Amino acid sequence: MWKHYIQRSPRRIVGQNFLNHSAAMLATRGARGDVVGRILSIGDTEMNVVFDLYGLPSGSYDVVLANAFDRSDRPRTGIPIGR
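Conventions used here
- Residues numbered from 1 in each chain as written.
- Predicted model: local features only at pLDDT ≥ 70, side-chain atom pairs only at ≥ 80, totals over all residues.
- Heavy atoms only, no water.
- Helix = DSSP H or I, 4+ residues; strand = E, 2+ residues; numbered from the N terminus.
- Buried < 20%, exposed > 50% of the residue type's maximum accessible area, 1.4 Å probe, protein only.
- Contact = heavy atoms within 4.5 Å.
- Areas by Shrake-Rupley, 256 points an atom, 1.4 Å probe, with all protein chains shown as cover.
- Pairing = 2+ DSSP bridges.
- Axes fitted to C-alpha atoms, helices over the stretch in contact; angles between N-to-C directions.
- Salt bridge = Lys/Arg side-chain N within 4 Å of Asp/Glu carboxyl O.

A. Main features of the overall build of the protein. Across its full length, the protein holds zero helices and eight strands. Along its sequence from the N terminus, the protein presents helices and strands in the succession β-β-β-β-β-β-β-β. Sorting the 83 residues of the protein into buried and exposed places 31% on the buried side. Considering only intrachain contacts with a sequence separation of at least 6, the fraction spanning at least 24 residues in the protein is 60%. Approximately 5,900 Å² of the protein is accessible, and the part contributed by carbon and sulfur atoms is 48%.

Right, dumping it as structure tokens:
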């Protein structure tokens, strides 16, 4: 069942070595494709990101973090949506 949510509160992602050119995405399966986050703020050890979750079904989604130097990481914990 598809549920319609728009995430308005930022998600705080904690890590290390975030760069100004970093990106955060939610990895999805299906025709929609990955959801690219809008970064509100970024520092060396954390970033605050908002994702447009409209049309995503409830569940847990993997977060993919990437930078401009062709490096990416997928943390072990996903983000729960709509529960």
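Alright, that's what it looks like, and here's the rest.
B. Structural detail: the sheet that holds strand E5 (residues 46–50). Spatial strand order, E1-E5-E4: three strands in an open sheet with antiparallel pairing. Across the chains shown, the open sheet's two edge strands, defined by having one partner strand only, are strand E1 (11–14) and strand E4 (38–42). Ignoring which end each strand starts from, the neighbouring axes of this sheet average 30 degrees apart. Pairing analysis gives four bridges linking E4 to E5, with the strands arranged antiparallel. Opposite Ile-42, over in E5, you have Met-47 as the bridge partner.

C. Looking closely at the pattern of salt bridges. Scanning all chains against the criterion turns up one salt bridge. For Arg-12, the salt bridge goes to Glu-46, with nearest N and O atoms at 2.9 Å. Taken together, the residues Arg-12 in strand E1 and Glu-46 in strand E5 connect sequence positions 34 residues apart. Take Arg-12: its relative accessible area is 57%, and that puts it in the exposed class. The exposure class of Glu-46 is partly exposed, given its relative accessible area of 28%.

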